[in-house]
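# Overview (structure and organization)
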Amino acid sequence: MGWTQHTVGTQNIRAMTIIQLLLGNIGMAGGGINALRGESNVQGSTDHGLLFHILPGYMPVPSASITDLQTYIEKHTPKTKDPKSVNWWSNRNKYIISYLKAIYGSKAVKENDFGYSWLPKLDEGQNGSWLVLFDHMLKGKFEGFFAWGQNPACSGANANKTRKALAKLKWMVNVNLFDNETGSFWRGPGMNPKEIQTEVFMLPCASSVEKEGSITNSGRLAQWRYKAIEPIGESKPDSEIMNELYFRVKKLYQKQGGKFPDPIINLTWNYGEKDAGGKIKEVDTHKIAKEINGYYLEDLVDKKVTPPKTIGKKGHLCTNFVTLQADGTTSCGCWIFSGSYTEKDDKIVNMMARRGKKDIGDLGLYPEWAWCWPINRRIIYNRASVDLNGKPWDPKRTVIKWNPNKLDPKTKQTAPGWEGDVPDGPAPPMADEKAGKYPFIMKTDGRGAIFGPGLVDGPFPEHYEALECPIQENPLSSKHRISPTVKLFYGVKGPHDAPAEKGGLLPEDVFFSCDIRYPYVATTYRVSEHWQTGVMTRHQPWLLESMPQQFVEMSEELAKEKGIKSGDKIKVKSGRGEIMAVAVVTKRFKPFKVVGSTVHQVGLPWCFGWQYPEDGSGGDSSNLLTPTIGDSNTLIPETKAFMVNIEKVKEEIYGKK
Amino acid sequence: MAKNEKKPIGALIDLTKCIGCRGCQIACKSWNNRAVKKTVMTGNFTNPIDLNSETYTMIKYVEKEQDALMEWDFIKVQCMHCKNPACVSACPVGAFQKSPEGPVMYEPEKCIGCRYCMMACPFQIPKYEWEKVSPVVQKCTFCAERISEGLIPACVKTCPPKAIIFGTYEEILAEAEKRIKENPKKYVNHIYGKEEAGGTSWLYLSSVPFETLGFKMNIPKRPLPDLTWASLSKIPVTVGSLALILSAIAYIRNRGENNKEEK
Amino acid sequence: MAAYKERKNVSFFSRGTMILLILLGIAAFAALYRFTYGLGAATDMSDKVPWGLWVAFDVLAGVALAAGGFGITAAVYIFNMKKYKPIARPAILTAFIGYLIVIIGLVIDIGQPTRFWHPLVMWQHKSIMFEVVWCISLYTTVLAIEFTPPVLERLRWTGLLKIIKFFTYPIVIAGIILSFLHQSSLGAFFLIMPSKLNALWYSPIMPQMFYISAIAVGLSMVSIESIVSAWAFKREYEPGIIKGLGKGVAITLLVYLVVKIADLIVRGKFSMVFDGSTASRFYLIEIFMGVIIPMILLSTQKIRESIGGTFISAMLVVGGVLMNRFNTNFFSQVGNGVSYFPTWREFAITIGLVSLGIILYRLAVIFLPVFEEAEAEH
């Protein structure tokens, strides 16, 4: 998060990846970039298509201009003439069609493009990411909003704007373990409940220990979790809430027709036994996992080999994505997860529930513990960890190696092959002129790229300042202080840091760079005691006891300058809001020397909110300070660098008046 | 390890491995069902600011600069479970007992609330339920009830970086010595608790001198109860000799008087 | 054996007793608060300062102040120093009342007052506290027996009186031994805290020091009581006794001072006395005001013979020992950011207990033949 939540977040990661590539650290044990996720299942949610622009398995959401499946496949299938490049995305057609078969079932046939027209589409240039959504919400473009397992009133950058946006809604459904600052936004600080017309519905949901399912960490390891206790009170697992909603919405579409009923009416929903009304009585998580893995819809035979070999039998679970077909004979909800819930010797195996403790060497890969996408490969691009002959670059930490004398355990005959982790394809090492393959199988040219296309802010990382920053000029590029490709919500002309004064812009989006009113760089972070905005942890008395209040950390030098002592009450103010915090003067912060001048930084956690603890002693979210601006590529908000002022205050700062 | 119930148990805290996550603090509260005392930020991450009757173990955060390098140390504190505990010897009613397995046990039903244990403990571990009308002392139990079931203490179990290890005292002492021997540059050559107060069941390893982390360095190496026993053990002799001497003096000094009165 | 007669010349009620009763009432209110809301609410004690004013004054100092009992009984009965016989009864009475007050103080101070009897049943013989509780209980019983003669005389139970008198020597000897044990044990309390108690006070011979200082303060208390009660009950002073007590105090203080200084030198801590720290300042005040000055004063015959001089000297000794007990208790707890200041309830209860002691003393002296024995023999 410290790397990504910047206007140059993607390029930060890119720069680090290039360094790893240059160091030869790709595909190596302990190499690559380890994303420290902000949430334990971020990987899983992204894998399964949580983001607005990707379908499950990192397939692009079609744009409205692409009206038929063939065009979609052509546009998103890269081509290469180099026989050594695996170019894995050339399988796009298999994955999208299997996906359509999974979600629309028998309704998806070749004649109707497998239901391609029912997929939601993005208008050309449309962006549905967080900052844009709430911008539109504030401008009154939304009627309703499902706040599902989130607390935007505290987690969203520029939370004052977010809170104001919520007031523009007609209705909001808050799905969470507890009521939170979002569900109760209408009675929060600065709100007048009489003037707010938003109708809020609270749907209490079960916690992770009250339901079964998988969770995927940033090592792509999908681990199955079991239900420890029954959900408390009226709370239900998310899947049950969706089940209820789905059948009610579907019924309405069936009765009333509506503008576009097909995607809802044709959706498969075979997750358990149906009651008399046609509703699933209880959602069986295993059935969802199986749908994600995929089924053979017909008996599949590989006729290219002699004698023809059976690939799979009708109705059975797919072995893995290698067997997926582009003709509608297979279904798969998320191709990268194909093989996670499969069949071995006609026995159904939930690979994610495995708990084997055998390791490869002592690398800590534990290939029999749970399951890793793709096809249980623990380290991707692992063919980059060997030389042209398949010999590991680091023999002490061998991920894979080519064994020309490998014995086939069944036939007891020599069958050269790879040993160790699951390799990126069975092809022999690159020294094999005929069959050798490049290691970067997801890249069209099969090579790692230092300079190349794909990102809106250029082929190579470039230094830009944050939107709000303490220096007038980018020392590395006098023309562009901030990235010229960021989407600005406020100010549109000239050097991007000059806010335009003309009407039509929201005052909520204002920012202040090199402004003496906000002289200190601020950043936000987490504490180990609290989870995200603290909705789950602030209700936990032990955690609140150990981390009770909003604080602001600063260097001894800054504290001395401002006459602040540890424990003092501080008002932290940005161009968009202010919060109260307790000063923590620490040696862990040091002033920076930036182009000759001293720059001070302060740090704030963002785990607190006005609603709980009930006496208000926790303080409010530090996202009240952060600006509405995001990364050029992802629009991830820039909450890790913005400008504030701090001021010692005398009055009791916490507690409701 | 825990199965070997006959041998005394011990635990080793390798402070170089602690990440300050406070998992131990919370796990302890959870297992021992401890309540919460309202806290505020005091300008340091240590919270609550010290052990109390509802907090048996916690992390203290120590920040310092050495050779211009910032150091942030996390120190887990809990009862040291001395081999020969001052609290056991101080308690007038035997509410504290050192169990043969190692934990220093406390029976609240016996306690009269004199708080001499709190005065006597060199590590300031026993804490009092000041807010209660009928208070007793509280302290870390070494999860004796878990250990008797073959489990390991809650704090040890929860520690993500395995900064705390649990085993027989012999094992963990050997491990501590091994770590220092194998990595003499990393650790200071001092196993805190090996000799302090005559030895404790909990041992610490550190990469910086213990005094810089707030550990008490002036604790005698001999068991503290010896100090009082040196005085107490003389009582029978004192009583006997005093009785004799006083009787003799009284007899000699009053001899004439008695004769007079008798006449 | 003279027949007793009530003191008709003194009434129990006076302006002084009224004030004492008011103080006692305030203390009762504070005690009610303590038993309703607990120690945390009623006192400034905390996990860092578990022993506050009550332990320091009501127990540690209280026991020392009541040490006159054993000193005088030893002088009168063991050493047969007849001169002091007139003050034997008042001294025993003071000690008895003193110990009753200590016991009440202890019950208020312990967290589980209803379990005060536990140490008598649940033995833990390695605990100093166990020994102190037993000694105090036994010694209070001994004092009660030692004080039965005036009561029995009042009741004219001559038979029982004879039996008690028959056992005078064993009882007196038992009393002296018990006193010796727990006076020194109060010092032994702190032996287990070498890392906590300031080195100016911590010494392996703390038990002996406590004992010697208890003799000095006990005798001083007898002097004070003799002077005050002579004044209060309009009796003649007994200059011979007071002079003798003064001499005894001076000698004890000299021994005490020598032991104190020798101990510091042997332990190599002498330089700490002048290191300018808070503790060193408190130490110097304790030694100068409480030991050296009264010792010098009482070594002067003229002062010893003057009632005022003796009184002031004795008060200094009392102050010195009080300070010693306070210093020992608090310099094992406070400092390093830890502070303690008693709440008004703690003060009120302590003052109330002292008031109760004076009231009981006055009652006893008025209604029982405390001084009569002496007068009769004149």
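Bear in mind the structure is a predicted one, so any value in this text is a computation, not a measurement.

Summing up its helical and strand segments, chain B has eight helices and nine strands in all. The C-alpha radius of gyration of chain B comes to 24 Å, more than 25% above the 18 Å expected for a compact globule of 263 residues. For chain B, the C-alpha atoms occupy an extent of roughly 90 × 45 × 45 Å along the three principal directions. A total of 263 residues make up chain B; the buried ones form 56% of that total. The contacts of chain B with a sequence gap of at least 6 include a subset with a gap of at least 24, amounting to 57%. As presented, chain B carries roughly 11700 Å² of accessible surface, and 56% of it is formed by carbon and sulfur atoms. Counting 36 positive and 28 negative side-chain charges, chain B places the centres of these two groups 1 Å from one another.

All names here are of chain A. Those residues of helix H10 (residues 285–293) not exposed but buried are Ala289, Lys290, Glu291, Ile292 and Asn293. The secondary structure elements touched by the buried residues of H10 are helix H4 (92–104), strand S7 (221–225), strand S8 (295–296), strand S12 (341–344) and strand S13 (347–350). For H10, the N-terminal cap is Asp284; the gap from its side-chain oxygen to the backbone nitrogen of His286 is 3.0 Å.

Residues and elements named next belong to chain B. Strand S8 (residues 164–168) sits mainly inside the fold: four of its five residues count as buried. Note: strand S1 (residues 9–14) against S8, five bridges, orientation antiparallel. Each bridged residue has a counterpart across the sheet, and for Leu12 the counterpart in S8 is Ile165.

What follows is about the interface of chain A and chain B. Residue-level contacts link 25 residues of chain A with 28 residues of chain B. Both sides together, the interface formed by chain A and chain B hides about 2000 Å², and carbon and sulfur atoms give 59% of it. Applying the counting criterion to the chain A and chain B interface returns six salt bridges. B:Glu65 serves as the salt-bridge partner of A:Lys590, at 2.5 Å between the closest nitrogen and oxygen. Only helix H11 (541–546), strand S18 (551–554) and strand S20 (578–585) of chain A provide two or more residues apiece to the side of chain A that touches chain B. The residue inventory of the side of chain A that touches chain B, partitioned by class, reads 11 nonpolar, seven polar and seven charged.

To continue, consider helix H7 (residues 225–232) of chain B. Of the residues making up H7(B), those classed as buried are B:Pro225, B:Leu227, B:Thr228 and B:Leu232. One face of H7(B) carries all of its buried residues, which in axial projection span an arc of 160 degrees.

The next subject is the sheet that holds strand S3 (residues 144–148) of chain A. All names here are of chain A. Spatial ordering of the open sheet is given by S3-S4-S5, a layout of three strands whose pairing is parallel. At either margin of the open sheet sits one strand with a lone partner, and together these are S3 and strand S5 (199–204). Taken over all neighbouring pairs, the strand axes of this sheet differ in orientation by 15 degrees on average, direction set aside. Packing of helix H8 (residues 238–256) onto the sheet brings it into contact with S3, strand S4 (171–176) and S5, and relative to S3 it is tilted by some 155 degrees.

Residue and element names in this part refer to chain B. Within the open sheet, the three strands sit side by side as S8-S1-S9. Their pairing is mixed. In this open sheet, the two strands that pair with only one neighbour each are S8 and strand S9 (202–205). Between one strand axis and the next, the sheet turns by 20 degrees as a mean value, whatever way the strands run. Strands in contact with helix H6 (residues 169–182) are S1, S8 and S9; relative to S8, the strand with the most contacts, it is inclined by about 130 degrees.

Moving on: the domain arrangement of chain B. Many descriptions give the size of an interface as the accessible area lost when the pieces come together. When the domains of chain B are assigned, the result is domain 1 (9–223) and domain 2 (233–262). The straight-line distance from the C-alpha centre of domain 1 of chain B to that of domain 2 of chain B is 52 Å.

Rules used in this analysis
Residues numbered from 1 in each chain as written. Chains lettered and ligands numbered in written order. Predicted model: local features only at pLDDT ≥ 70, side-chain atom pairs only at ≥ 80, totals over all residues. Heavy atoms only, no water. Helix = DSSP H or I, 4+ residues; strand = E, 2+ residues; numbered from the N terminus. Rg over C-alpha atoms; globule rule 2.2 N^0.38 Å. Buried < 20%, exposed > 50% of the residue type's maximum accessible area, 1.4 Å probe, protein only. Contact = heavy atoms within 4.5 Å. Areas by Shrake-Rupley, 256 points an atom, 1.4 Å probe, with all protein chains shown as cover. Lys, Arg positive; Asp, Glu negative; His and termini not counted. Charge placed at Lys NZ, Arg CZ, Asp CG, Glu CD. Polar contact = N/O pair within 3.5 Å; in protein donor to acceptor, adjacent residues only side chain to side chain. Pairing = 2+ DSSP bridges. Buried area = accessible area lost by both parts, 1.4 Å probe. Salt bridge = Lys/Arg side-chain N within 4 Å of Asp/Glu carboxyl O. Nonpolar A, V, L, I, M, F, W, Y, C, P; charged D, E, K, R; others polar. Arc of directions from axis to C-beta. Axes fitted to C-alpha atoms, helices over the stretch in contact; angles between N-to-C directions. Domains from an automatic or database assignment.

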